[in-house]
Amino acid sequence: SAESRVVNFGPGPSALPLPVLEEAAKGLINFQGTGIGIAEISHRSKEFSAYLDGVESQIREQLGVPPTHSILFLQGGGTGQFSAVVLNMLARHRLLHPELEDSERVMDYVLTGSWSKAAAQEAGRLAGGARVNIAVDARTLSSGGKSFDRIPPHEAYAFSKDPALIYYCENETVSGVQFSNDESAPESFPFHLLPQDTLLPLVGDYSSSFMSRPIPRLADHAIIYAGAQKNLGPAGLTIAIVRQDCIVDVDAAAKLGAVPVPTTLAYKTFADQKSMPNTPPVFALYVTGLVLKRNSELGGVAYYEALNRRKQEKVYKVLREGEAKGLLKGHVRQGSGSWMNIVFVVLGDGAEALFLAGAEERGLKGLKGHRSVGGIRISLYNAVTEEETDRVVEYIREFINQPPA
Ligand code: PLP
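Residues numbered from 1 in each chain as written. Predicted model: local features only at pLDDT ≥ 70, side-chain atom pairs only at ≥ 80, totals over all residues.

Enquirer: Explain the overall build of the protein to me, and be specific about the residues and the numbers.
Expert: Along the backbone of the protein there are ten helices and 14 strands. Over its C-alpha atoms the protein spans a radius of gyration of 22 Å, differing by no more than 12% from the 22 Å that the globule rule assigns to 405 residues. A burial count over the protein gives 46% of its 405 residues as buried. Restricting the contact set of the protein to residue pairs at least 6 apart, pairs at least 24 apart contribute 71%. (Helix = DSSP H or I, 4+ residues; strand = E, 2+ residues; numbered from the N terminus. Rg over C-alpha atoms; globule rule 2.2 N^0.38 Å. Buried ≥ 20, exposed ≤ 12 C-beta atoms within 10 Å, placed from the backbone. Contact = placed C-beta atoms within 7 Å.)

Enquirer: If you had to explain the environment of Pro152 to someone new, which residues and values would you point to?
Expert: Along the polypeptide, Pro152 turns up in the loop between β4 (131-137) and β5 (165-169). Residues Pro152 and Gly326, spaced 174 residues apart in sequence, show a C-alpha to C-alpha distance of 27 Å. Ignoring any residue separated from it by four or fewer positions in sequence, one finds Pro152 in contact with Val136, Ala138, Leu141 and Tyr157.

Enquirer: Provide a residue-level description of the sheet that holds strand β12 (residues 341-346), including the pertinent values.
Expert: Across the sheet, three strands lie side by side as β11-β12-β14; this open sheet has antiparallel pairing. In the strand order of this sheet, the two ends are held by β11 (328-330) and β14 (376-379), each with one partner. Between one strand axis and the next, the sheet turns through 30° on average, direction left out of account. By the bridge criterion, three bridges tie β11 to β12 in an arrangement that is antiparallel. (Pairing = 2+ DSSP bridges. Axes fitted to C-alpha atoms, helices over the stretch in contact; angles between N-to-C directions.)

Enquirer: How would you summarise the pairing of β12 if you had to cite specific residues and measurements?
Expert: Of all six residues making up β12, five are buried, and the element is well covered by its neighbours. Of the strand pairs in this sheet, β12 and β14 are connected by four bridges, and their pairing is antiparallel. Its bridge partner lying in β14, Ile342 is registered against Ile378.

Enquirer: Go over the sheet that holds strand β10 (residues 238-243) with me, naming the residues and quoting the values.
Expert: Sheets are built from strands that pair by backbone hydrogen bonding, the pairs being arranged parallel or antiparallel. The strand order β2-β10-β9-β8-β5-β3-β4 describes an open sheet built from seven strands, whose pairing is mixed. Because the sheet does not close on itself, it has two edges, and the strands there are β2 (69-74) and β4. Adjacent strand axes in the sheet meet at a mean angle of 20° when their direction is disregarded. By the bridge criterion, three bridges tie strand β8 (residues 202-205) to strand β9 (residues 223-227) in an arrangement that is parallel. Directly across from Val203, in β9, lies its bridge partner Ile223. Those strands touched by helix α4 (residues 114-126) are β3 (106-111), β4, β5 and β8, and its axis lies near 160° from that of β3.

Enquirer: Explain the site of the ligand to me, using residue names and the numbers behind them.
Expert: Surrounding the ligand, one finds Gly12, Gly77, Gly78, Thr79, Trp115, Cys169, Thr173, Asp205, Ser207, Ser208 and Gly227. It is helix α3 (residues 77-96) that contributes the most residues to the shell around the ligand, three residues altogether. Tallied by class, residues from the shell around the ligand come to two nonpolar, eight polar and one charged. (Near = placed C-beta within 6 Å. Nonpolar A, V, L, I, M, F, W, Y, C, P; charged D, E, K, R; others polar.)

Enquirer: Before we move on, could you go through helix α7 (residues 282-298) and cite the residues and values that matter?
Expert: Between its first and last C-alpha, α7 extends 24 Å over 17 residues, near the 24 Å set by a 1.5 Å rise per residue. With twelve of 17 residues buried, α7 lies mostly within the body of the structure. Within α7, burial applies to Val282, Phe283, Ala284, Leu285, Tyr286, Val287, Thr288, Gly289, Leu290, Val291, Leu292 and Asn295. Where α7 terminates, the next one or two residues include Gly299, which has phi positive at roughly 125°. (Expected span 1.5 Å × (residues − 1).)

Right, here's the structure in full:
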């Protein structure tokens, strides 16, 4: 029942709005009066096809996606995109510059956390003769040289000339590092350092911040992608916003020597067939559509930007209070902290276990940090309400005012 639900601060899959879940439960039995449930109805039915069109136009409208970009519904998660962006963008580079030697093709990666690191590793696996250039590795700037704890300052980046792609992860879910959406902030993405080219090969992983606030310079991106499972719906759906010049004939590129691209990873397959070359994740698309409809009723990304700004401000404020008392320690330098995932440690022997146990008792769940970083991680995705955020803030304040002996 709804009453039995706890507050879920989990990193993903994560909380979904209760009214959406209630609606989705009805759709599982009977989708839009068809008498057939959403998990049972043909994806080729006119009802589902119309629904899918609606999901696409909601995303286009809410994020302001220009007509130069297509919206594709894919599978394979963010991890699938680690591979897809490399294969499609190397194919594009091959078609644009067939005369280059493989060793002259470069892919630039910006490393700010474990997800961009994993993406760069996958690029290395699939590069063929092309090279991966680490444009900056934020760890080298940390005090021990090992920790992803900041967005690098603009002078630290070294981009290549005419790379096949430039990759960054907008929000690093594990360490809680996020680019600022304020272009005047030193922690913003250094768009001004890139060639002012309308066909910039810029790729952004927005898996854990999609739809939480507007996307800066969306139109300058070649590809923006996100798994649905944090801010939008169930896992299984991956959304990609792809500029049309990056939807290339991968077979023509293969004839020129590029690595062949599996049909299910080629953007063109999906663009040509309205995202349905094969069976799409119907249920995930359905719930995503319900979430988007609700978002639009609430005021779209502008509403979420304001809400999410307030939520993170409250949590960082109490974190700073805990730091001043020497009881908490944030993982990330000020200015680089994520709005979506806030990571910190509770100082003192056994204090963290006590913190987590107290949280559990209050029905505040999913707060344990990622195994690679440890500590506490509070994920504040769109479905976490301000009132739920207040509850965890209140708990932390209580904890730091009466620390365990
Ligand atoms: N990128 C980011 C920023 C993520 O947070 C995640 C997963 O949490 C991934 C990529 C991988 O996504 P998936 O699990 O959908 O493959």
